[in-house]
Amino acid sequence: MGTIAQVVTGVSGKSPALGNQVLIRRTSDGLYFRYCHLVNGSNNHLSVGQNVDTTTMVGVMGNTG
């Protein structure tokens, strides 16, 4: 279980370097996990503060950034 801490959307091409991203803070110990280079639009359904778990799709692997 975790909480969305940051969502970066609308990135195309090579900038910023990590492309479309989602940053998740794990509830149990506060560690952060960043998922990067996601396909445009695949993380638009997420918002900061939203709770997620292992069944939540956070994005589709792509090549942005």
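Novice: For the overall build of the protein, give the residues involved together with the corresponding values.
Specialist: Within the protein, the secondary structure is distributed over 0 helices and 4 strands. Of the regular secondary structure in the protein, the N- to C-terminal order runs β-β-β-β. The globule rule puts the C-alpha radius of gyration for 65 residues at 11 Å, and the 11 Å found for the protein is close to it. Out of the 65 residues belonging to the protein, those deemed buried represent 29%. In the protein, of all internal contacts separated by at least 6 residues, the share reaching a separation of at least 24 is 45%. Working note: accessible area of the protein is about 4,000 Å², and carbon and sulfur atoms make up 55% of it.

Conventions adopted
Residues numbered from 1 in each chain as written. Predicted model: local features only at pLDDT ≥ 70, side-chain atom pairs only at ≥ 80, totals over all residues. Heavy atoms only, no water. Helix = DSSP H or I, 4+ residues; strand = E, 2+ residues; numbered from the N terminus. Rg over C-alpha atoms; globule rule 2.2 N^0.38 Å. Buried < 20%, exposed > 50% of the residue type's maximum accessible area, 1.4 Å probe, protein only. Contact = heavy atoms within 4.5 Å. Areas by Shrake-Rupley, 256 points an atom, 1.4 Å probe, with all protein chains shown as cover.

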